[in-house]
Amino acid sequence: LSTILDNAATGEQARQMLMHNGYTHVSALDHYQPGRFIGTAEKNGKPVTVSVIWPYVPKAAAID
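Predicted model, so just to flag it, every value in this text is computed and none were measured.

Colleague: Help me get a handle on the pairing of strand β2 (residues 36–43), residues and values and all.
Modeller: For strand β1 (residues 30–33) and β2, the ladder comprises three bridges, and the chain directions are antiparallel. Paired with His31 across the two strands is Phe37, which belongs to β2. What sits between the antiparallel neighbours β1 and β2 is a turn of two residues, in which Gly35 has the positive phi angle 80°. Here β2 folds back onto strand β3 (residues 46–53), and the loop between the two strands holds two residues, one of which, Asn44, carries a positive phi near 55°.

Following this line, the structure appears as structure tokens:
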């Protein structure tokens, strides 16, 4: 049961991360493999398929 709850929490975190990055109408994300979530969303008004590999590691900021 703990693993199921952990996956549900991580899936919601992935969904929140997508919304934070400008995706709208993000569906519930299906859990396919450990750390991989797939769903649908809209970006700039167009429907897209989204995939998130968790844990999400943001790109390092460019150093000037």
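Here the narrative resumes, following the displayed structure.
Colleague: Give a description of unusual backbone geometry that names residues and reports values.
Modeller: Excluding glycine, a negative phi dihedral is what most residues carry, and trans is how most peptide bonds are arranged. Although it is not a glycine, His25 adopts a positive phi angle of roughly 50°. By secondary structure assignment, the location of His25 is in the loop between α1 (2–20) and β1. Of note, the phi angle at Asn44 is positive, near 55°, even though the residue is not glycine. In this fold, Asn44 is placed in the loop between β2 and β3. For Asn44, a relative accessible area of 71% gives the class exposed.

Criteria and thresholds
- Starting afresh in each chain, residues are numbered from 1 along the sequence in its written order.
- With pLDDT at 70 or above as the cut-off, local features in this predicted model cover only qualifying residues; side-chain atom pairs require 80 or more to be listed or tallied, and sums for whole chains, interfaces and linings still use all residues.
- Remark: hydrogens and water are excluded; side-chain values derive from all non-hydrogen atoms of the structure.
- By this definition, two strands are paired if DSSP reports at least two bridges between them.
- Numbering goes from the N terminus for both helices and strands, where a helix is a DSSP run of H or I of at least four residues and a strand is a run of E of at least two.
- For each residue, the accessible area found with a 1.4 Å probe, counting protein chains only, is set against the maximum for its type, and the residue is called buried under 20%, exposed over 50%, and partly exposed in between.

Just geometry here; none of it tells us what the structure is for.
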